[in-house]
Each structure stands twice: as C-alpha cells, then as structure tokens.
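Here are the chains, one letter per residue:
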Amino acid sequence: MLNGKTAIITGAGRGIGRAIALEFIKYGAKVVVNYRNSIKQVEELLETIREAGGEAIAVQADISKEEEAKQLVDAAVKHFGRLDILVNNAGITKDTLMMRMSEDDFSSVIDINLKGTFFCMKHASNVMLKQRSGKIINLSSVVGITGNAGQVNYAASKAGVIGMTKSAARELAIRGITVNAVAPGFIQTEMTDVLPEKIKEATVANIPLKRFGAANEVAGAVSFLASEAANYITGQVLQVDGGMVM
Ligand code: NAP
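Everything quoted here is computed from the prediction, not taken from an experiment.

The rules behind these values
Residues numbered from 1 in each chain as written. Predicted model: local features only at pLDDT ≥ 70, side-chain atom pairs only at ≥ 80, totals over all residues. Heavy atoms only, no water. Helix = DSSP H or I, 4+ residues; strand = E, 2+ residues; numbered from the N terminus. Buried < 20%, exposed > 50% of the residue type's maximum accessible area, 1.4 Å probe, protein only. Contact = heavy atoms within 4.5 Å. Near = heavy atom within 4 Å. Polar contact = N/O pair within 3.5 Å; in protein donor to acceptor, adjacent residues only side chain to side chain. Pairing = 2+ DSSP bridges. Axes fitted to C-alpha atoms, helices over the stretch in contact; angles between N-to-C directions.

Here's the deal with the environment of L225
Tracing the backbone shows L225 in helix α9 (residues 215-226). What makes L225 buried here is its relative accessible area of 3%. In this view, L225 contacts K135, I137, N180, A181, V182, A230, I233 and L238; residues no more than four positions away in its chain are not counted.

Overview of the site of the ligand
Close to the ligand lie 30 residues, the nearest being N37, S38, N89, Y154 and T189. Within the contact set of the ligand, an oxygen atom lies 2.8 Å away from a backbone nitrogen or oxygen of I16. Between the ligand and the protein, one listed contact pairs an oxygen atom with a backbone N or O atom of G185 at 3.4 Å. Within the residue set of the shell around the ligand, elements represented by two or more residues are α1 (15-26), β2 (30-35), α6 (152-172) and α7 (190-193). The greatest single-element share of the shell around the ligand, amounting to three residues, is contributed by α7.

A closer look at the sheet that holds strand β7 (residues 237-240)
To summarise the sheet geometry, strands pair through backbone hydrogen bonds and adopt either a parallel or an antiparallel arrangement. Spatial strand order, β3-β2-β1-β4-β5-β6-β7: seven strands in an open sheet with parallel pairing. On the outer flanks of this sheet lie β3 (56-60) and β7, each paired with one strand and no other. When strand polarity is set aside, the average angle formed by the axes of neighbouring strands in this sheet is 20°. Pairing of β2 with β3, which is carried by five bridges, proceeds in the parallel orientation. Across the sheet, the residue bridging to N34 is V59, located in β3. Here helix α3 (residues 66-80) sits on the sheet in contact with β1 (6-9), β2 and β3, set at roughly 155° to β2. Lying on the sheet, α9 is in contact with β4 (85-88), β5 (134-139), β6 (177-184) and β7; it crosses β5 at an angle near 150°.

Read these as geometric descriptors, not functional statements.
Written as structure tokens, this is what we have:
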C-alpha cells in the first residue's frame, strides 16, 4: 500500500506515533522516526523495524522550534532523497481548569500541537510542491470539535489543527498534495493512562463501542489517508472515536 514511499512521523517513539511507524513499515514505507526525549524507546523501535526487514532512521528534533522542524525535513530528504508523507503526530496535554491555567500551560500546548504542526507542514510542503505530490496527515482530536472542560489549551490547539488542515489543503491542492486530519477519541496511550479511573469510566460509558481505542486503530486510518486509495480526499477530518462524537 505504501511501497517505495518515504514518511516522516513526528513524536514516533511511543503511543500513536509508534503504531503509525510500525503500520507504515508493514505497508512498505521507509520511515523517519522523530522524537524529542524518548531515545530509549526509539532505539527499541528501530530494532523492531530492522527485525521486520524495514528501513528507518531516527531524527531528534523539537518540532516547536522552526529551525529543528526544518532540520528534520532536511534530514529525511538527505537520507531518502524524497518525502512523500508527513504525519504530524507529536502532541502534549497540560490539563487544568481555565481559572488555574497559566500562560505557560496555554502557550506550551499551542507551541507544540499547533505551531509545531505548522512548522513541519511549511517545510515538508516546500519539498512536496517541487515533487508535485505528497500527503500530509495531522493529528487533531474530537476535543477540537466538541471542546472539553479542563482542556481549553488543548482544544484550541486541536481546533486550530483542523482550520490549518483545511487551509493548507486548499493551498496545496493545485500541486496534487492532499492534507487531512485524523481526530481520535480516547485512545489507550501514556497520554490517557494518567487520567483518573473515575474519568475513564465516565468516558467509556459515553462511547457507543464501549471501550477505548488502540493506537493501531488510529494508525489504520492514517495509513489509509497516506495511501493512493485516498488520492481524491483532501481537507477532511476522519474521526476514530468508537462513535463518541456523531
Ligand atoms: P503520547 O503517548 O503522550 O506521545 C506523545 C508524543 O509526542 C511522544 O512521542 C513525544 O515525544 C512527542 N512530542 C511531544 N512534544 C514534542 C516535541 N516538541 N517535538 C517532538 N516530539 C514531541 O501521546 P499519544 O496519545 O500517542 O498522542 C499522539 C497524538 O494523538 C497527539 O497529537 C495527541 O494530541 C493525539 N491524540 C491522542 C489521543 C489519545 O486518546 N491518546 C486522542 C486524541 C488525539 P518524546 O517522548 O520524545 O518527547
């Protein structure tokens, strides 16, 4: 499905990003695994990929810094000669009620989730425009559609990702580049492991499929949007949420 394609996945050392990297390898892509801190997990992931006969490199970059986002794209092109797919997966939460939210809680989430996605799209699309092809998939969240108490910063960033996805889709369509978002609901990763048991139970009660999603279930949707099967899909938001928001 992704044979011969080269992909960058941001924040791919763990969680959903890791699952996307493994899914892409399974479908024949060459992968650039980006990370900020998770060096140990990344080394293990590279080993797993090698054992599976896949090809991958790891590039450390804090995507909230434009120069580092550019270096990430440059490293991918230098190593693999081209760039077909960018998955903007890196993201953080800093949940608290608005009354208690500091400026740093707000801006650090915006800097990584929104500005980081912008920086990576900007530099990757520069390469894709010259190639006249490319696929960009941005991780949003159902919270960016519905809002959520305690997540004013995160919801703003993920709603922003949707607006940015649609705008970039319009800008880049002329050169055959598609830009879509995937909006997961509650997926079992380190990001959601920290939630109190009571909140988890209340959340599951509101999910028609009555369970949290798995990271590889998000990876499946991302792989579809990265594949040629999705050539005529752009500017869309694909929810992977067990029916939570409909
Ligand atoms: P996670 O397990 O907390 O992993 C987050 C990843 O982002 C880590 O690999 C981390 O890398 C990376 N990252 C954070 N800041 C970074 C930076 N400045 N530069 C580069 N990488 C950075 O989260 P997850 O659950 O897999 O979530 C992945 C994406 O899905 C996020 O965008 C999240 O908002 C979105 N999402 C998740 C859920 C969910 O229920 N889990 C729901 C909706 C949307 P290091 O470890 O190297 O720092």
